[in-house]
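Structure at a glance
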Amino acid sequence: MAAGLEQQLWAAADILRGKMDASEYKNYLLGLVFYKYLSDAELREAYEQENGKITVFPARDVQYKTLMDWYAEDATELAEIIQLQKGYFIPPVHLFYTYRQQADRYEFNLTDLQAGFNELERQGNQFQGLFADIDLNSTKLGSNAQQRNVTITEVLRALDEIDLFAHDGDVIGDAYEYLIGQFAAGAGKKAGEFYTPQAVSRIISEITAIGQEDRAPFHIYDPTMGSGSLMLNIRRYLLHPQQVHYHGQELNTTTYNLARMNLILHGVDQDRMNLNNGDTLDADWPTEEPHQFDAVVMNPPYSAKWSAADKFLSDQRFERFGKLAPKSKADFAFLLHSFYHLKDTGTMGIVLPHGVLFRGAAEGTIRQALLEMGAIDAVIALPANIFYGTSIPTIVIILKKQRDTRDVLFIDASNDFEKQKNQNILLPEHIEKIVSAYKSRVDIDKYAHVASFEEIKENDFNLNIPRYVDTFEEEDPIDLVQVSDDLAKVEADIETTQAELLSMIDELAVTEDSEAIIEATKRLLVGGHHE
């Protein structure tokens, strides 16, 4: 399985770990792994073009020789065929394997690697700006050019020892996802910008796929996509994973580049990848592109600030609700943006803080409108401290546009987790319990409740979960008779022990030096009084 690959890749990070924090060295490692993947994939493609489809490839020096022979014979033909098959062509001088050979001869130069990045970025929108965050001149790699050269040379060597294609299926993509998760664990607050824990991704993905398993093509959208992992998970629950189209938007350019690499490594071709680097709230998803999706998934920044400018009152995403989310809390702005882009037949899942369930004013008005529409299908309380970068408890809200009823399923899963050193985690059985409760949609004592619209209305459209799911556990009654018996026994034991100690002290020889100590000990044992 991928465990060996994951550990090998993570070990390569050791070279950079002492030089900068996780949020910085992740860009170098993830970028170089990605570049090596494309380079090695090109070697394999050239070998198969010359020798036919095979299942077991020879060593890379053999693949490399095949490519170089072809290049010497007809460089133009090689470039055209590789470009046609892979969507890119890395000239031999810029292949990762070439850099490794140069490193072994102490001939590698960082400018060559930068030239390789630049060459790939020129090969279409798919790669444009992809390596912009890898600063090979950073003094954190070394105080001078020579030291920086040595640092990257060591990383190249470590990575080149790893056979990225030694495993089948999604192993490379999963290993990449593992690295992203490891970086998130070390990045503190910055992790929230790019990573949603796999357990939460699984819950949202599995629920949003329910009833749509055989839909093809399937279009999924994440307006704050981070590394893209929340979208990628949906493939596990669909019958036609190769017909999933991914639409995502991300404000942070570094994270946007990370998502692009992540999707490519998961085998998503350019025709099924539609990603933008932009501000989801300030600039709506481009209307000239597909803008209604089978699933919308989202883990936005919690209670972020936004402009809430009056112009948004006539924005088609918000206008029907008559109110805007407050400037200091954009939670409902993100929710309404996502809901607008959901197909009538689709399902949406969004992670938000608990405050959206009960805060008043404009948020109360928006919440009531959603409930009167029957849009809120379920509210799931997650345990606290399961996200990197924040310990606040969160919820997942499931929304749909076409429902027969206006009831709401509440699931309180906040007490089901395993506590680890710095983080709480959801185990597979916890995830399964949540999804099972969602599917069955019945009351489960101290865990789930289906609240009718009338019940919610009686609660003044306040969705605070304790109003609907009582998780209070009464303590066992105290047996006073037993407690009294236990106390009496303890007192009897004390008296017995006291008597034994006094007896032992009486047997001691009393001298002029020890007399005072012996008497003081006796007084202590009998409660400060002489017999």
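Residues numbered from 1 in each chain as written. Predicted model: local features only at pLDDT ≥ 70, side-chain atom pairs only at ≥ 80, totals over all residues. Heavy atoms only, no water.

1. Focus: helix 16 (residues 480-506)
Using the following cut-off: Think of it this way: any DSSP run of H or I at least four residues long counts as a helix, any run of E at least two long counts as a strand, and we number them from the N terminus. Multiply 1.5 Å by the residue count of a helix minus one, and that product is the helix's expected span. N or O atoms closer than or at 3.5 Å make up a polar contact, with two conditions inside protein: a donor-capable atom paired with an acceptor-capable one, and, for residues adjacent in sequence, both atoms drawn from side chains.
A rise of 1.5 Å per residue sets the reference length of helix 16, with its 27 residues, at 39 Å; its end C-alpha atoms lie 39 Å apart and thus fit the reference within 8%. Where helix 16 begins, the capping side chain belongs to Asp479, and its oxygen is found 3.2 Å from the backbone nitrogen of Val481.

2. Re the domain arrangement of the chain
Note the threshold: The split into domains, and so the bounds of each, comes from an automatic or database assignment of domains.
If you check the domain split of the chain, you get domain 1 (5-166), domain 2 (188-467) and domain 3 (480-527). Once you take the C-alpha centre of each, domain 2 and domain 3 turn out to be 67 Å apart.

3. A word on the sheet that holds strand 4 (residues 293-298)
Quick note on the threshold: Note: two strands are recorded as paired if DSSP finds a minimum of 2 bridges between them. Think of each axis as a best-fit line through the C-alpha atoms, taken over the contacting stretch in the case of a helix, with angles from 0 to 180 degrees between the N-to-C directions. The contact criterion used is simple: two residues touch if any of their non-hydrogen atoms lie within 4.5 Å.
Across the sheet, nine strands lie side by side as 3-2-1-4-5-7-6-8-11; this open sheet has mixed pairing. This sheet does not close on itself; its edge strands, each paired only once, are strand 3 (273-277) and strand 11 (448-451). Along the sheet, successive strands turn relative to each other by an average axial angle of 15°, direction set aside. Of the strands in this sheet, strand 4, strand 5 (342-353), strand 6 (376-381) and strand 7 (394-399) touch helix 9 (residues 198-209), which is tilted by about 160° from strand 5. Against the sheet, helix 11 (residues 253-265) engages strand 2 (244-250) and strand 3, with an angle of about 170° to strand 3.

4. Comments concerning the pairing of strand 6
For clarity, the cut-off: Each residue is assigned to one of three classes by its accessible area relative to the maximum for its type, calculated with a 1.4 Å probe on protein chains only: buried under 20%, partly exposed between the two thresholds, exposed over 50%.
Judged by how many residues are buried, strand 6 sits mostly within the fold: six of six residues are covered. Pairing geometry for strand 6 and strand 7, over five bridges, is antiparallel. Directly across from Ile380, in strand 7, lies its bridge partner Val396. Taken together, the four bridges between strand 6 and strand 8 (residues 408-412) define a ladder with parallel strand orientation. Bridged to Ile380 within strand 8 is Ile411.

5. Notes on the environment of Leu67
Relative to the helices and strands, Leu67 resides in helix 4 (residues 60-86). A residue is classified by how much of its surface remains accessible, and Leu67, at 0% relative accessible area, is buried. Here Leu67 is in contact with Glu42, Leu43, Ala46, Leu78, Pro92 and Leu95, once residues within four sequence places are set aside.

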